[in-house]
Amino acid sequence: MKETLVRKDRRWMESVLPSPAWGVFPDEITGLSDNSKSAAKGDLYFLRPGKDGVNWSFLGEAIRAGVRLVVTDASVSGSWAEETLFHSVPVVFVKDLLGVMGTVASSFWGNPSGKMKVVAVTGTNGKTTSSFLTQSVMNQGGIKTGLIGTVVFDLGGETVEASQTTPGILELHRLFAQGFSNGLQGISMEVSSHALDQDRIAGLSLSVVHFTNLTRDHLDYHLDMESYYQAKKRLFFRKNPDGSYPICVVNGDDPWGKRLVSEVVSDSRVPIVVIGEGQEADIAPLTFTMGIDGIRGAIRTPKGVIDLESPMTGHYNLMNIMGAIGCALALEIPLELIARGILAQQGVPGRFEVVRSNRNISVIVDYAHTDDALENLLSAVRPLCKGRIITVFGCGGDRDRGKRPRMGEKAGRLSDLVVLTSDNPRTEDPESILDEIEPALKETGTPYERISDRKAAIFRAISLASPGDSVVIAGKGHENYQILGKVKHHFDDREIAREALESGQ
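Residues numbered from 1 in each chain as written. Predicted model: local features only at pLDDT ≥ 70, side-chain atom pairs only at ≥ 80, totals over all residues. Heavy atoms only, no water.

Student: So, helix 12 (residues 335–344): which residues are in play, and what are the values?
Tutor: The set of residues buried in helix 12 consists of Leu335, Leu337, Ile338, Gly341 and Ile342. Buried residues of helix 12, viewed axially, fall in a sector of 160°; they line one side. Every exposed residue of helix 12 that faces more than 90 degrees away from the buried side is listed here: Glu336 and Arg340. Those residues of helix 12 that are buried are in contact with helix 5 (127–140), strand 16 (294–301), strand 17 (304–310) and helix 11 (315–330). (Buried < 20%, exposed > 50% of the residue type's maximum accessible area, 1.4 Å probe, protein only. Helix = DSSP H or I, 4+ residues; strand = E, 2+ residues; numbered from the N terminus. Arc of directions from axis to C-beta. Contact = heavy atoms within 4.5 Å.)

Right, dumping it as structure tokens:
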């Protein structure tokens, strides 16, 4: 991004912040930062206490970089008088530091989210596909729309690889400003549970919020499903800065979604659209068929029937499509343009991505890395497969260990042959991870091989495939790296699959 220097004077600071407890506001600031390593001369620096309090070395580093104003949490005020570093720059104490960061960042960049249509999607599975579909529908509806999510950041100019699903508060508002300056009128974005728990979307104005589903994942962070749900739920009960509420689109067929619907409905301030396959849903399929070439059917909506045609396949993608329809209706996009947007979205990187070859076997790469996602994926492949399903998968290291046997059971029950391998082992011993998956896989009685080297596992699976078979490579999808220890190494399942197919193995 080509940065444009933004200058904010003392009057602006007085409008968004309380008076400094020490010193006076500087004449101007030219940037925002909350990382001492990237702080620059002229910045307003947010000093964020950690679990063990303030790391004063961060403040010292920021001051040496030339920051002109420090804003920090009121909890730090008891020690500020004794901290000589605080006497080097004006200091402002606030009660809700994250909320203030959002307000200040939005104002600093000219409130870009308040000038756009913003759709935010959350859930365990389906966020990426749903956000791509929604972007496509919004573009067809005449709303020039960007994308912020797991795979890419598309801000109306150059599309770049995503650094994380939901960036930090300051970066997120800067990205919105970049998109707005590039002529965007809307943003379709993913919001992770971590981001919600850490209030990274503070200060954003949202038009529509979408819930896909909730299944076991990230319990290394949230500890239990109730805490995980409560983090997701925050998206659906937050006010916009102007006091309004976004329209909610919720998958009512999901058990946690059903609970969310009941809680949202009980709060009459929050408008809601329910998707599902039952009569009580606002958006539901009347008819549909699925094949390797996609989904066709008719979808009932409060505005009439949409004739659906999509190159995507699988029941879970039908739910993602209905969610995107709900978001589009909330934005008042006409039905015929919604249908065009669904058809125009040809696929999502690493989501049921078919690796083409002249051999009569199907190789499918997918990001499925939870037991629910793996079950949905393999269930979608089964009716499309004339032969056997050969599944290659593993589980990530330093993450929720409880899902490992669950994934082993799903893979064994829904496959004809499994090649158990590494995912991103990180700092765990790869063989120890496989040890935790293997017993549940073995209990299913499905033949399997255990090959911890992921490249060798993919080559082996493809070498075992006969005409009509489908090889499913699950877990990493669009990722072009593998994390061994703390180091990322280039590794792309799709590249390895092509290499194996071309080698004839």
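Student: Report on the nonpolar core, specifying residues and quantitative values.
Tutor: Core analysis: the largest hydrophobic core is formed by 36 residues, its most contacted members being Ile283, Ile299, Ile325, Ile333, Ile338 and Ile342. For this core, the secondary structure elements donating two or more residues are helix 5, strand 14 (272–275), strand 16, strand 17, helix 11 and helix 12. The element that contributes the greatest number of residues to this core is helix 11, accounting for 10 residues. If sequence neighbours within four positions are ignored, Ile283 has contacts with Val273, Val274, Ile275, Gly276, Ile299, Arg300, Thr301, Pro302, Met322, Ile325, Gly326 and Leu329. Core analysis: the second largest hydrophobic core is formed by 35 residues, Val118, Leu184, Val191 and Cys248 among them. (Core = buried A, V, L, I, M, F, W, Y, C linked by side-chain atoms within 4.5 Å.)

Student: Go over the environment of Ser415 with me, naming the residues and quoting the values.
Tutor: Within the secondary structure layout, Ser415 lies in the loop between helix 14 (403–414) and strand 21 (417–420). Among the residues examined, Ser415 registers a relative accessible area of 6% and is labelled buried. Along the primary structure Ser415 and Ser379 are separated by 36 residues, whereas in three dimensions their C-alpha atoms are 9.4 Å apart. With residues near it in sequence (within four places) discarded, Ser415 still touches Leu378, Arg382, Ile389, Thr391 and Thr446. Within the structure, Ser415 has its side chain in polar contact with the side chain of Thr391 (distance 2.6 Å). Here Ala411 takes part through its backbone oxygen, which lies 2.7 Å from a polar atom of the side chain of Ser415. (Polar contact = N/O pair within 3.5 Å; in protein donor to acceptor, adjacent residues only side chain to side chain.)

Student: Describe the pattern of salt bridges, listing the residues and the values that go with them.
Tutor: In a structure, side chains of opposite charge can pair up when their charged atoms sit close to one another. Under the counting rule described, the total for this entry stands at 29 salt bridges. The structure contains a network of salt bridges with shared partners spanning Glu226, Lys233, Arg259 and Glu263. (Salt bridge = Lys/Arg side-chain N within 4 Å of Asp/Glu carboxyl O.)

Student: Any details on the packing of helix 5 against helix 11? Residues and values, ideally.
Tutor: Where helix 5 contacts helix 11, the axes come no closer than 9 Å and their chain directions differ by 45°. If you check the angle between helix 5 and helix 11, you find them oblique. Helix-helix and strand crossings are classified by hand; for helix 5 and helix 11 the assignment is right-handed. Residues Thr129, Ser130, Leu133, Thr134 and Val137 of helix 5 touch helix 11, and the partners they reach there are Asn317, Asn320, Ile321, Ala324, Cys327 and Ala328. (Axes fitted to C-alpha atoms, helices over the stretch in contact; angles between N-to-C directions. Parallel < 35°, antiparallel > 145°, perpendicular 65-115°, else oblique. Left-handed = near helix turned anticlockwise from the far one by under 90°.)

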